[in-house]
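# Per-entry structural report
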Amino acid sequence: MSRARVARRIAAGAAYGGGGIGLLGAATVGLVLAEVQLAKRSVGNGGHGTPPRADGRYGAAFAARATCGEPLRFAMLGDSTAAGLGVHRARQTPAALLASGLAAVAERPVDLKVVAKAGAQSDDLDRQVTLVLSDETGPVPDVCVVMIGANDVTHRMPPTRSVRLLASAVRRLRTAGAEVVVGTCPDLGTIEPVYQPLRWLARRVSRQLAAAQTIGVVEQGGRTVSLGDLLGPEFAANPRELFGPDNYHPSAEGYATAAMAVLPTLCAALGLWPEEERPDVSRREGFLPVARAAARAAAEGGTEVTGAMPSGPRGPFALLKRRRRRRIQTPDPSPIA
């Protein structure tokens, strides 16, 4: 079965309440469980520890400009990768890197709120969205970034449920007026202590979930950026540089690599990135049925998928883009709380 068809089945099951489509066949479960135990003993602390707090105002120097306008409001949701577990300084977290990059592009201050939680699965997104939209945190964010999915795979959450929960979170944020960018499930097959055949299976199920997440997010009016393949060859080639001390979470350089891929889409969602009139065929951009675009993006890191036409000869269409990355400058040494 093609990747697009599998992703479409998972997304359809999520939309219509199905829950029986599993990521792994029953014949492989015993082998996978044995390999998981070996991997857990080798990975190190895995999901333990506390990520640094990155909340605050970035790009405060822009406030002195008469034309800067009100600060942009940016919220970060998701799991330990979104929270920045594995680094020691707030400025090294993906949220801080994105807030700093967004401030530089917009030439406006950015107020960052991080509600991501280490160890979170998609069933924690409802709580996180409530925190983001609550009166205590101030006005609704202009834009939200969500990074989620790895823990859903490792804890064997049914993919239809995972996608349903993510789509519900995106719908709530979009209904409230926020733009939403989702970094889809990373490629768990790149983790060094994960051995074959679990490595192959982890890569397969990670990409299946990433593609299904893309369909669910685009249907709710959000945008996605694939992190799987982006963090695949690059991490596999430079594991000592891009993985952190636990050999599981990214290092500061690894988070910077992911943030550079997400920043153009984050800016584009707010109308701050130049939009080409036509897709660049030389970069293999174009309009595709949503399921095909999702499957292709899951295999090609740094690829953006956004809704295009609500209907076509083969159903809804999406625009697949490969935006040029911009290196993110070192953010403010410490945000203004």
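Preceding this section is the structure that the text describes.
Described in the following lines is the structure provided in the data block. (Residues numbered from 1 in each chain as written. Predicted model: local features only at pLDDT ≥ 70, side-chain atom pairs only at ≥ 80, totals over all residues. Heavy atoms only, no water.)

What follows concerns the overall build of the protein. In terms of regular secondary structure, the protein is built from twelve helices and nine strands. Out of the 337 residues in the protein, the part that is buried amounts to 54%. Once local pairs closer than 6 in sequence are excluded, the contacts in the protein between residues at least 24 apart make up 79%. With the model as given, the accessible surface of the protein reaches about 14,800 Å², and the carbon-plus-sulfur share is 52%. (Helix = DSSP H or I, 4+ residues; strand = E, 2+ residues; numbered from the N terminus. Buried < 20%, exposed > 50% of the residue type's maximum accessible area, 1.4 Å probe, protein only. Contact = heavy atoms within 4.5 Å. Areas by Shrake-Rupley, 256 points an atom, 1.4 Å probe, with all protein chains shown as cover.)

With that settled, the discussion passes to unusual backbone geometry. The backbone of Glu107 sits at a positive phi, close to 55°, despite the residue not being glycine. Locating Glu107 in the fold gives a position in the loop between helix H4 (94-106) and strand E3 (110-114). Phi is positive for Arg156, close to 60°, though the residue is something other than glycine.

If you look at the biggest cluster of nonpolar residues, it comprises 41 residues, and the most contacted ones within it are Phe74, Met76, Leu98, Leu112, Val145, Val262 and Leu266. When contributions to this core are tallied by element, the ones reaching two or more residues are strand E2 (72-78), helix H3 (80-83), H4, E3, strand E4 (143-147) and helix H11 (252-269). By residue number, the principal contributor to this core is H11, which donates eleven residues. Those residues in contact with Met76, other than ones at most four positions away along the chain, are Ala82, Pro94, Ala95, Leu98, Lys113, Val114, Val115, Ala116, Val145 and Met147. (Core = buried A, V, L, I, M, F, W, Y, C linked by side-chain atoms within 4.5 Å.)

We now examine the pairing of E2. Burial runs high along E2: six of the seven residues are buried. As paired strands, E2 and E3 are joined by five bridges and run parallel to one another. Of the residues in E3, the one forming a bridge with Met76 is Val114. As paired elements, E2 and E4 share five bridges and run parallel to each other. Bridge pairing in E4 places Ala75 opposite Cys144. (Pairing = 2+ DSSP bridges.)

We now examine the packing of helix H5 (residues 125-133) against helix H7 (residues 159-176). Axis separation between H5 and H7 bottoms out at 9 Å; the angle between their running directions is 10°. As the angle between them shows, H5 and H7 are arranged roughly parallel. The two elements H5 and H7 meet at a crossing, and its hand is right-handed. Only Leu165, Leu166, Ala169, Arg172, Leu173 and Ala176 of H7 make contact with H5, whose side of the interface consists of Leu125, Asp126, Val129, Thr130, Val132 and Leu133. Of the residues that constitute the contact of H5 with H7, the class distribution is nine nonpolar, one polar and two charged. (Axes fitted to C-alpha atoms, helices over the stretch in contact; angles between N-to-C directions. Parallel < 35°, antiparallel > 145°, perpendicular 65-115°, else oblique. Left-handed = near helix turned anticlockwise from the far one by under 90°. Nonpolar A, V, L, I, M, F, W, Y, C, P; charged D, E, K, R; others polar.)

This part takes up the sheet that holds strand E8 (residues 304-307). An order of E1-E3-E2-E4-E5-E6-E8-E9-E7 is seen for the nine strands of this open sheet, with the pairing classed as mixed. This sheet does not close on itself; its edge strands, each paired only once, are strand E1 (56-58) and strand E7 (286-289). In this sheet, adjacent strand axes meet at a mean angle of 25° when their direction is disregarded. On top of the sheet, H4 reaches E1, E2, E3 and E4; it is set at about 155° to E2, its chief contact. In this fold H5 packs onto E2 and E4, with an angle of close to 165° to the strand it touches most, E2.

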